[in-house]
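Each chain is listed here by its residues.
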Amino acid sequence: MATTILIGAQWGDEGKGKIIDVLTERATWVVRAQGGNNAGHTVEVGDEKFVLHLVPSGVLHAGKRCVIGNGVVLDPVSLVEEIDGLTARGFPVAERLHISDRAHVVFPYHRMLDAQGEARRAKGEQIGTTQRGIGPAYGDKAARFGLRMADLLDPEFPTLLTSRVAEKNRALAALGAPTVDAAEILAATQKAMKTLGPLVCDTVPLLYDAVARGEEMLFEGAQGILLDIDFGTYPYVTSSNAASGGACTGSGVPPNRMDRVVGVLKAYVTRVGEGPFPTELHDATGEELRRVGNEFGATTGRPRRCGWFDAVAARHAVMTCGVDEWALTKLDVLDGFATLNICTAYELDGRRIAHFPANVRELARCKPVYEEHPGWQASTRGAKRLEDLPPAAQTYIARLEELTGVPVGILSLGPRRADTILRGVHA
Ligand code: IMP
């Protein structure tokens, strides 16, 4: 199992940071292939807590090599802040990090256009973005107007930037928004490149050689399949491919070199931002899930919407990402609930359906069909084997496996590395 792709199987915030950290033990390489600093991966090591936005979580381990791949959009100033913060806490990031020269750059005008885009959308059509400029940066990439890390190292960078800024200022002025100053952006970017420049390289041969040597590689997904630009709840999605295929296009490692896909699945469901969410709870149970699960965004601090486990959505992840096994997280959050619901199908306009609709207006009309399960009302923390769990918790897990056709290989019962049960290939 040399190359593993890890994906979020819901709307992000599944607890990927911790699972990546656990899997990193065996990996030599940890690669980010999509998204940007809209992501917030929380990792607890000992008594210390880290929230990583752009830097791959492997940086917290000595001897690991980390790659920010071509599919990532990267804000140089905020990346330097993150690197400096980690370095000050004793992690020599610069020694461990490689940045693709093909990665696209997020500039301040992208962030401003992100905010403008949200503010100008009709009521009810806001996406609730993280306002990190992600959509406009990927927009420029697709429109072939973006700048990449390679451009930032080119002597022509000032000219290239000036023409972009002129165009973006026309757009900002037309919206009645403040404009940006090319000289200021140039100075800030060049300052950031003093740190980042030495880390930029062609990561394609680097990864090709590592794969050829059979070195263990972990592709650290950001966001989740339901936020994927193709398979998510479009248009309430992010602007990259969070599906497993994004690991290939965003790194240059081809599909026939990928060995395994791990899907990270929370034992219930959360979402930040707008868009349909069939199993969302608007009642005291939803409040309780938010309180016990501490469901507040790692990047924006926004309260997350909470709801019951949705097997229809999980099967959508299985079909679009080829999930081989689940890493099931936050099961311990359910410890105190008297009963638990699992959504097994949807009812849409009087018909029962088992697939995840493409049309968000249809998805918004879907009513979950629930199966009720008794809770276990006992602590699962500290369990070292599945058999140590209360019988009702074992039944709940077995039912999720049965409904999705995918086994649970990793079970997370708390934020620390020690609160983890490993099965199958990981044991
Ligand atoms: P954007 O990626 O900032 O454009 O935001 C688009 C949508 O994706 C919004 O609903 C965000 O809340 C959501 N989103 C983006 N990144 C994350 C993440 O890492 N976790 C959870 N939701 C995210």
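Every chain is numbered independently, its residues counted from 1 as its sequence is written. Reporting in this predicted model follows two pLDDT cut-offs: at least 70 for local features of residues, and 80 or more for side-chain atom pairs to be given and counted; totals over whole chains, interfaces and linings ignore these cut-offs and use all residues. As a rule here, side-chain values cover all heavy atoms of the structure and leave hydrogens and water aside.

### So, the pattern of salt bridges
- Any Lys or Arg side-chain nitrogen located within 4 Å of an Asp or Glu carboxyl oxygen qualifies as a salt bridge. Inspection of every chain in the model, using the stated rule, returns 27 salt bridges.
- A salt bridge links Arg-102 to Asp-101, with the shortest nitrogen-to-oxygen separation between them at 3.9 Å.
- Of the residues examined, Arg-102 reaches a relative accessible area of 35% and is grouped as partly exposed.
- Here Asp-202 and Arg-102 are joined by a salt bridge, their closest N and O atoms 3.0 Å apart. One end of the pair, Asp-202, is in the loop between strand S9 (200–201) and helix H9 (203–212); the other, Arg-102, is in the loop between strand S7 (97–100) and strand S8 (104–105), and 100 residues separate them in sequence. Burial classification: accessible surface area is computed with a 1.4 Å probe over protein chains only, and a residue below 20% of its type maximum counts as buried, one above 50% as exposed, and the rest as partly exposed. The way it works is that DSSP assigns letters per residue, a run of H or I at least four long becomes a helix, a run of E at least two long becomes a strand, and they are numbered from the N terminus.

### Quick look at the side chain of Asp-21
- Relative to the helices and strands, Asp-21 resides in helix H1 (residues 16–24).
- Contact criterion: two residues are considered in contact whenever any of their non-hydrogen atoms come within 4.5 Å of each other. Discounting residues that sit within four places of it in the chain, Asp-21 has contacts with Val-43, Val-45, His-61 and Arg-417.

### With respect to the site of the ligand
- Proximity criterion: a residue is near a molecule or strand once any of its heavy atoms comes within 4 Å of it. Residues in close proximity to the ligand total 15 residues, the closest being Asp-13, Asn-38, Thr-130, Thr-238 and Arg-302.
- Here a polar contact is taken to be a pair of N or O atoms separated by no more than 3.5 Å, where protein atoms must pair a possible hydrogen donor with a possible acceptor and residues adjacent in sequence count only if both atoms sit in side chains. Taking Thr-130, its side chain carries an N or O atom lying 2.6 Å from an oxygen atom of the ligand.
- The side chain of Thr-238 places a nitrogen or oxygen atom 2.6 Å from an oxygen atom of the ligand.
- Each accessible area is a Shrake-Rupley estimate made with a 1.4 Å probe; only the visible protein chains count as cover when residues are assessed. Alone, the ligand offers 470 Å² of accessible surface; in the complex the protein occludes 96% of this.

### What to know about the pairing of S7
- With burial as the criterion, each face of S7 is covered, one bearing Leu-97 and Ile-99 and the other bearing His-98 and Ser-100.
- Here the rule is simple: two strands pair whenever DSSP picks up at least two bridges between them. As defined by bridge partners, strand S5 (residues 65–68) adjoins S7 across 3 bridges and the pair is classed as parallel. Across the sheet, the residue bridging to Cys-66 is Leu-97, located in S7.
- Direction of pairing for S7 relative to S9: parallel, over a ladder of 2 bridges. In the sheet register, Ile-99 faces S9, and the bridge partner there is Val-200.

### Examining the packing of helix H7 (residues 157–174) against helix H8 (residues 182–196)
- Axis definition: a line fitted to C-alpha atoms, over the contacting stretch in the case of helices. Angles run 0 to 180 degrees between N-to-C directions. Packing of H7 against H8 leaves a shortest axis separation of 10 Å and a crossing angle of 135°. Taken together, the axis directions place H7 and H8 in an arrangement best described as oblique. The two elements H7 and H8 meet at a crossing, and its hand is right-handed. Residues Phe-157, Pro-158, Leu-161 and Val-165 of H7 form the contact with H8, whose participating residues are Ala-182, Ile-185, Leu-186, Thr-189 and Gln-190.
- Lys, Arg, Asp and Glu make up the charged group, whereas Ala, Val, Leu, Ile, Met, Phe, Trp, Tyr, Cys and Pro make up the nonpolar group; the residues left over, Gly among them, are polar. Tallied by class, the residues present in the contact of H7 with H8 amount to 7 nonpolar, 2 polar and no charged. What sets the label is the angle itself: under 35 degrees gives roughly parallel, over 145 gives roughly antiparallel, 65 to 115 gives roughly perpendicular, and the rest give oblique. Note: crossing handedness is left-handed where the near helix turns anticlockwise from the far helix by less than a right angle, and right-handed where it turns clockwise.

### Some details on the domain arrangement of the protein
- Each domain's limits were defined by an automated method or a database of domain assignments. One can read the domain layout of the protein as domain 1 (3–102 + 200–260), domain 2 (104–195) and domain 3 (265–426).
- Here domain 1 meets domain 2 over a buried area of about 2,000 Å², counting both sides, of which 64% is carbon and sulfur.
- Counting the surface domain 1 buries against domain 2, the share from its top three residues, Val-73, Pro-76 and Tyr-236, is 26%.
- Viewed at the interface, domain 2 and domain 1 are joined by 1 salt bridge.
- Linking domain 1 to domain 2 there are 9 residue pairs in polar contact (both at pLDDT 80 or more). What gets called buried area is simply the loss in accessible area from a 1.4 Å probe that two parts show on being joined, summed for both.

### Some details on the packing of aromatic side chains
- In this scheme Phe, Tyr and Trp rings, the latter by its six-membered ring, pair at centre separations within 6.5 Å, and the angle between planes marks the pair as stacked below 30 degrees, edge-to-face above 60, and tilted otherwise. Counting across every chain of the model gives 7 aromatic pairs.
- Taken together, the ring pairs in this structure connect Phe-107, Tyr-109 and Phe-157 into an aromatic cluster.
- The cationic tip of Arg-164 hangs over the ring face of Phe-145; the distance from NZ or CZ to the ring centre is 4.8 Å. Charge over a ring is defined by NZ of Lys or CZ of Arg lying within 6 Å of the ring centre and within 35 degrees of the ring normal.

### Considering H8
- Taking 1.5 Å of rise per residue, the 15 residues of H8 would be expected to cover 21 Å, and the 20 Å separating its terminal C-alpha atoms lies within 8% of that figure.
- Taken together, the buried positions of H8 are Ala-182, Ile-185, Leu-186, Thr-189, Ala-192, Met-193 and Leu-196. With its buried residues spanning 135° around the axis, H8 presents them on a single face. Exposed residues pointing more than 90 degrees away from the buried face of H8 are listed as Ala-183, Glu-184, Lys-191 and Lys-194. Each residue after the first adds 1.5 Å to the expected span of a helix. What the arc measures is the spread of directions leading from the helix axis to the C-beta atoms.

### So, the environment of Val-261
- Along the chain, Val-261 turns up in strand S11 (residues 260–266).
- Of the residues examined, Val-261 reaches a relative accessible area of 9% and is grouped as buried.
- Counting along the chain gives 24 residues from Val-261 to Thr-285, while the straight-line C-alpha distance between them is 32 Å.
- For Val-261, the residues in contact, after removing those within four places along its chain, are Ile-5, Ile-7, Ser-244, Cys-321, Gly-322, Val-323, Asp-324 and Glu-325.

### Quick word on the nonpolar core
- Trp-326, Leu-331, Tyr-396 and Leu-411 are the most contacted members of the largest nonpolar core, which totals 68 residues.
- It is helix H12 (residues 311–321) that provides the largest number of residues to this core, a total of 7 residues.
- Counting the residues that make up this core, at least three belong to each of domain 1 (3–102 + 200–260) and domain 3 (265–426).
- Each residue touching Tyr-396, except ones within four places of it in the same chain, is listed here: Ala-267, Phe-309, Leu-331, Leu-334, Leu-340, Ile-342 and Trp-376. Working definition of a nonpolar core: buried Ala, Val, Leu, Ile, Met, Phe, Trp, Tyr and Cys residues. They are joined through side-chain atoms within 4.5 Å.

### Focus on helix H11 (residues 284–292)
- All buried positions along H11 are accounted for by Gly-286, Leu-289 and Arg-290. Relative to the axis of H11, the buried residues are bounded by an arc of 95° and lie together on one face. Facing away from the buried side of H11 by more than 90 degrees, the exposed set consists of Ala-284 and Arg-291.
- Buried residues along H11 sit in contact with strand S13 (305–307).
- N-cap assignment for H11: the residue whose side-chain oxygen lies 3.2 Å from the backbone N of Thr-285 is Asp-283.
- Remark: Asn-294 follows H11 within two positions and exhibits a positive phi of approximately 50°.

### A look at the environment of Ile-185
- Mapped onto the elements of the fold, Ile-185 is located in helix H8.
- The exposure class assigned to Ile-185 is buried, which follows from its relative accessible area of 6%.
- Between the C-alpha atom of Ile-185 and that of Pro-205, which follows or precedes it by 20 residues, the distance is 31 Å.
- Look past the residues within four positions of Ile-185 in its chain and what remains in contact with it is Phe-107, Pro-108, Tyr-109, Leu-161, Val-165 and Val-180.

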